[in-house]
Amino acid sequence: MRLPPPSTPTQLLRLRLTRSALSRSAVSTTSPLATSTCPSSQRTVSTKVRAAAITPGPRFQSLLFPPSTATTTTTTTTTTAFFSRNNLSTSTTTVNKRDQTVKTTATFAPSTPVVLRASVTGLSLLFVLGLGLGYGITGFLGQKSTEQQELPSEASYTTIKNNIQDILDDESSSTNMSREIAPGRPGNLTPEQEEKLKQLWKLIFQVCGVSSPSPSSESSAPAATSDDVSIKGDDKKKKSKLSMFSRKHKKDSDDTTTDSASTASGSTPGSPAIVLNASTTSGDDDKYNQLSKFHETLASQSPAAIRETIWSMVKHDHPDALVLRFLRARKWDVEKALVMFISTMNWRDNEMKVDADIMRSGEGGAAEAEKMEAKTSEEIAKKKLAIDFLTQTRMGKSYVHGVDKQGRPICFVRVRLHKQGEQSEESLERYTVYLIETCRMLLQGSVDTATIVFDMTGFSMANMDYAPVKFMVKCFEANYPECLGAVLVHKAPWIFQGIWRVIRGWLDPVVANKVHFTNNISEMSEFISPEKLPKDLDGQEDWEYKYVEPIPGENDKMKDEETISKLQAARAELVKKYEEATLQWIQASGNSEELKKKRDAIAEKLRVDYWNLDPYVRARSFYDRIGVLLPGGKLDPFLEGKKDGVSGITEGVAKVGVSDTQADDVD
């Protein structure tokens, strides 16, 4: 009768063990049938030996059957295990070699586990012997090693400790350097990237009419001066040092000299023509029609006007850092970066009037316009614009507070506070640009990007407004490239899923990859430390946005025309020196480390100089009043210099608004 196959994992394991043991001895003949009675069921079971018996090997036999216990009758005992559905049968076959008789005995043990006794016992003995031998050898070697080894002295421990600390310090320094200077930034450029930067500066100078010093000037002066860098135009007329920063209401004599410095190619008011490659002019990836804006700018604006806008945008930034943003955004395509760069200048100067209006008027200008008695339609529109602007500022629809784990300023946007149609589209755009420019003031050193947190708590369709979202996307992609570090969309409800699919279609893939969705403090803590996160976002920081109104007299410096003129003249001189050094760096062949150091030194002077000029050209903001942005460009993002974030503001603003610097103090 054929036995049923094993039905449980235990029976299967037993079968595999038996087959493995059977395959090691191979008996050529088929064993006779074995018949026995099962004690549990009292029925006869016939089995057939299907394979060879289990025979202990010679080594096991010598261990299990010593010569002293051997008998004169040589027998071989084999054991074969058979499986039934619920029982284990063990058949023992004894072969007497003297009379060639075979005796088979079958026993059944329903509850007895499979134990290949001979093999297992032998393996156990070998394991014990091997383990003991291993411990003995290890102990012997360890004892010899202990006897020969001497404990290190205290000086040795100190030396080892110092060496380890030096290694850790080196690794930490290397890590900090790699974190501080990201690739593609000033101080961390490949030779190819540096060459691209030179090419872009050369094109910018061509647009702005900045040329190399004339040979006669070089021969007459042993060392170049700031006057050596000239603007193309009528060389017979004296060039003004204030041409970059001249104001429309200055004296006619200044306007005359400014015009002479700003005219390129004789009497042509526009900038010199730039010949672009076909790949640049194809416009395949011109998402915001910047190519036409580029040509429009060259045709309508003078080189000096473009140059002035460029240096107004630089502010406290390293000039190379600003230019490199556009190169990285255009994947190091020099001509496309130039198109983007010049069209941005047109957007700042003509469309948004960023420096001349938004930042110059600021919150103080809006507060004054809010209180005026509007009579004409123009005054009514101006007052409405000011009210809308201040309404958003007062409620804290968006505000900048603290930094994330990478030191980037954080801009919080409380979406639930926005209601579509409550403010005009123009006021929303002005408010957006004002916030971005204010956040730029908080970018210091190697930190050149910011983090935006969209707090979607309590969001509903009444808060959704596609127009300001589209404008914000355009700002960061076209006019403020490489300024976004991360975008966190916090606690977005399910209804936002469809909205996000629409918005994602507007985004450049690089920008879209910076968007992360967070739902709790654990996910948010990957970017921002919980102790640096306000409590309304489930953080631990006890801080709440409370707007502080503009204080009378905080912008009085902006009325000091004499001091402004002297500060602008000093800055224009530094700009010319930087342009001169850049021209020398572009034309230099071979090692130009000294020229690079010279440019960096002038760039640092420009940074320091800007903060002297800043209170004269930019209205004070909420962040100046509460002490986040301090005089000289110093920052206190968490207001650690104050016991609370609100007290002592009036005194602080008085110090910021009224400075000891007067016109006579400017050299």
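Residues numbered from 1 in each chain as written. Predicted model: local features only at pLDDT ≥ 70, side-chain atom pairs only at ≥ 80, totals over all residues. Heavy atoms only, no water.

*Asks:* Is there a simple way to explain the overall build of the protein chain in this structure?
*Replies:* Secondary structure assignment for the protein chain yields 23 helices and twelve strands. Scored against the burial criterion, the 667 residues of the protein chain give a buried share of 43%. By element, 54% of the accessible surface of the protein chain is carried by carbon and sulfur atoms, the whole surface being about 36100 Å². (Helix = DSSP H or I, 4+ residues; strand = E, 2+ residues; numbered from the N terminus. Buried < 20%, exposed > 50% of the residue type's maximum accessible area, 1.4 Å probe, protein only. Areas by Shrake-Rupley, 256 points an atom, 1.4 Å probe, with all protein chains shown as cover.)

*Asks:* Hey, could you run me through the side chain of Arg328 in this one?
*Replies:* With respect to the helices and strands, the residue Arg328 is situated in helix α11 (residues 319–329). On the basis of relative accessible area, Arg328 is assigned to the buried category, the value being 13%. From its side chain, Arg328 meets the backbone oxygen of Gly184 in a polar contact 3.0 Å long. Beyond its immediate sequence surroundings of up to four residues, Arg328 is in contact with Pro183, Gly184, Arg185, Asp448 and Glu482. (Polar contact = N/O pair within 3.5 Å; in protein donor to acceptor, adjacent residues only side chain to side chain. Contact = heavy atoms within 4.5 Å.)

*Asks:* Teacher, can you tell me more about the nonpolar core here?
*Replies:* A general tendency of soluble globular proteins is for nonpolar side chains to be buried together. Residues Trp347, Val433, Tyr480, Phe496 and Ile528 are the most contacted members of the largest nonpolar core, which totals 68 residues. By size, the runner-up hydrophobic cluster in this structure holds 45 residues, among which are Phe205, Val210, Trp311 and Leu322. (Core = buried A, V, L, I, M, F, W, Y, C linked by side-chain atoms within 4.5 Å.)

*Asks:* Before we go on, may I ask you to explain unusual backbone geometry in this structure?
*Replies:* A negative phi holds for most residues other than glycine; trans holds for most peptide bonds. The phi dihedral of Lys315 falls on the positive side, at around 50°, and the residue is not glycine. Locating Lys315 in the fold gives a position in the loop between α10 (303–314) and α11. Although it is not a glycine, Lys331 adopts a positive phi angle of roughly 50°. By the secondary structure assignment, Lys331 is in the loop between α11 and α12 (334–352).

*Asks:* Would you mind going over the sheet that holds strand β12 (residues 515–518) with me for this structure?
*Replies:* In spatial order, the strands read β8-β9-β10-β11-β12; together these five strands make up an open sheet with mixed pairing. Edge positions in the sheet fall to β8 (398–403) and β12, since each has one partner strand and no second. Along the sheet, successive strands turn relative to each other by an average axial angle of 25°, direction set aside. Pairing of β8 with strand β9 (residues 409–414), which is carried by four bridges, proceeds in the antiparallel orientation. Note on β9: the bridge partner recorded for Val400 is Cys411. (Pairing = 2+ DSSP bridges. Axes fitted to C-alpha atoms, helices over the stretch in contact; angles between N-to-C directions.)

*Asks:* Explain the confidence of the model for the protein chain here, please?
*Replies:* Here the protein chain averages 75 in pLDDT, while 60% of its residues score no lower than 70. Here residues 97–126 is modelled with pLDDT under 50, and outside its nearest four sequence neighbours on either side it reaches 57 contacts, counting other chains as well. Note that pLDDT drops below 50 for residues 215–268; the model gives that stretch 81 contacts with residues more than four away or on any other chain. (pLDDT = per-residue confidence, 0-100.)

*Asks:* Would you mind going over the environment of Trp500 with me for this structure?
*Replies:* Looking at where Trp500 falls in the secondary structure, it is placed in helix α17 (residues 496–506). Judged by its relative accessible area of 14%, Trp500 falls in the buried class.

*Asks:* Hey, could you run me through the pairing of strand β10 (residues 450–455) in this one?
*Replies:* Where a strand is regular, its side chains alternate between the two sheet faces. Most of β10 sits inside the fold, with six of its six residues counted as buried. Burial of β10 is two-sided: the residues Ala450, Ile452 and Phe454 facing one way and the residues Thr451, Val453 and Asp455 facing the other way are all buried. Where β9 and β10 come together, five bridges link them in parallel fashion. Residue Cys411 lies in a different strand from β10, and its bridge partner there is Ile452. Handedness of the β-α-β unit built from β9, helix α15 (residues 425–440) and β10 comes out right-handed. With six bridges joining them, β10 and strand β11 (residues 484–490) adopt parallel strand pairing. Bridge pairing links Val453 to Leu488 in β11. Where the polypeptide runs from β10 across helix α16 (residues 466–479) and back to β11, its parallel neighbour, the crossover connection is right-handed. (Right-handed = clockwise from strand over helix to strand, strands pointing away.)

*Asks:* When you look at the environment of Ala462 in this model, what are you seeing that I'm missing?
*Replies:* By the element assignment, Ala462 lies in the loop between β10 and α16. A sequence separation of 46 residues divides Ala462 from Arg416, and the C-alpha atoms of the two residues are 8.6 Å apart. Leave out the neighbours within four places in its chain, and Ala462 touches His418, Lys419 and Gln420.

*Asks:* Whenever I open this one, the environment of Glu554 confuses me. Can you help?
*Replies:* Tracing the sequence through the fold places Glu554 in the loop between α19 (521–524) and α20 (561–587). Take Glu554: its relative accessible area is 5%, and that puts it in the buried class. The sequence separation of Glu554 and Arg625 amounts to 71 residues, and the corresponding C-alpha distance is 9.0 Å. There is a polar contact of 2.9 Å between the side chain of Glu554 and the side chain of Arg625.

*Asks:* Please clarify how the packing of aromatic side chains should be interpreted in this entry.
*Replies:* The full count for this structure, using the stated rule, is 18 aromatic pairs. Taken together, the ring pairs connect Tyr399, Phe412, Trp543, Tyr545, Tyr547, Phe622 and Tyr623 into an aromatic cluster. A cation over an aromatic ring shows up here: Lys532 above the ring of Phe638, its NZ or CZ 4.5 Å from the ring centre. (Phe/Tyr/Trp six-rings, centres within 6.5 Å; stacked < 30°, edge-to-face > 60°. Lys NZ or Arg CZ within 6 Å of the ring centre and 35° of its normal.)

*Asks:* Would you explain the pattern of salt bridges in this entry?
*Replies:* One side chain can pair with another of opposite charge once the charged atoms of both are near each other. According to the stated counting rule, one finds 30 salt bridges in the structure shown. Arg430 is paired through a salt bridge with Asp357; the nearest N and O atoms lie 3.0 Å apart. Of the two residues, Arg430 sits in helix α15 while Asp357 sits in helix α13 (residues 354–371), which places them 73 residues apart along the sequence. You can call Arg430 buried: its relative accessible area is 17%. A salt bridge links Asp538 to Lys491; its shortest N-O distance comes to 2.8 Å. Placement of Asp538 in the loop between α19 and α20 and of Lys491 in the loop between β11 and α17 is noted, with a sequence separation of 47 residues between them. (Salt bridge = Lys/Arg side-chain N within 4 Å of Asp/Glu carboxyl O.)

*Asks:* Help me understand α11, please; the structure alone is not making it clear to me.
*Replies:* In terms of residue burial, α11 counts as a mostly covered element, since eleven of its eleven residues are buried. For α11, every residue scored as buried is listed here: Pro319, Asp320, Ala321, Leu322, Val323, Leu324, Arg325, Phe326, Leu327, Arg328 and Ala329. Lys331, located one to two residues past α11, shows a positive phi value of around 50°.

*Asks:* I would appreciate a short explanation of the pairing of β11 in the present structure.
*Replies:* Among the seven residues of β11, six are classified as buried, and the element is accordingly described as predominantly covered. In the sheet, β11 pairs with β12 via four bridges, with the strands oriented parallel. Considered in β12, the bridge of Leu488 is made with His516.

*Asks:* Is there a simple way to explain the side chain of Thr582 in this structure?
*Replies:* Looking at the secondary structure, you find Thr582 in helix α20. Side chain to side chain, Thr582 and Arg599 meet in a polar contact 3.1 Å long. Residue contacts for Thr582: discarding those within four places in its chain leaves Trp201, Phe205 and Arg599.

*Asks:* Please clarify how α10 should be interpreted in this entry.
*Replies:* Three- or four-residue spacings in an α-helix give side chains the same orientation, since the helix completes a turn every 3.6 residues. When the terminal C-alpha atoms of α10 are compared, their 17 Å separation across twelve residues agrees well with the 16 Å that a helix rising 1.5 Å per residue should span. With respect to burial, α10 is a largely interior element, nine of its twelve residues being buried. Taken together, the buried positions of α10 are occupied by Pro303, Ala304, Ile306, Arg307, Thr309, Ile310, Trp311, Met313 and Val314. (Expected span 1.5 Å × (residues − 1).)

*Asks:* Is there a simple way to think about the packing of α12 against α16 in this case?
*Replies:* For any two helices packed against each other, the geometry comes down to the angle between their axes and how far apart the axes lie. Between α12 and α16, the shortest axis-to-axis distance is 10 Å and the interhelical angle comes to 135°. Put simply, α12 runs oblique to α16. Between α12 and α16, the contacting residues are Met340, Thr344, Trp347 and Met352 on the first element and Phe471, Cys475, Glu477, Ala478 and Asn479 on the second. Of the residues in the contact of α12 with α16, the class split is six nonpolar, two polar and one charged. (Parallel < 35°, antiparallel > 145°, perpendicular 65-115°, else oblique. Nonpolar A, V, L, I, M, F, W, Y, C, P; charged D, E, K, R; others polar.)

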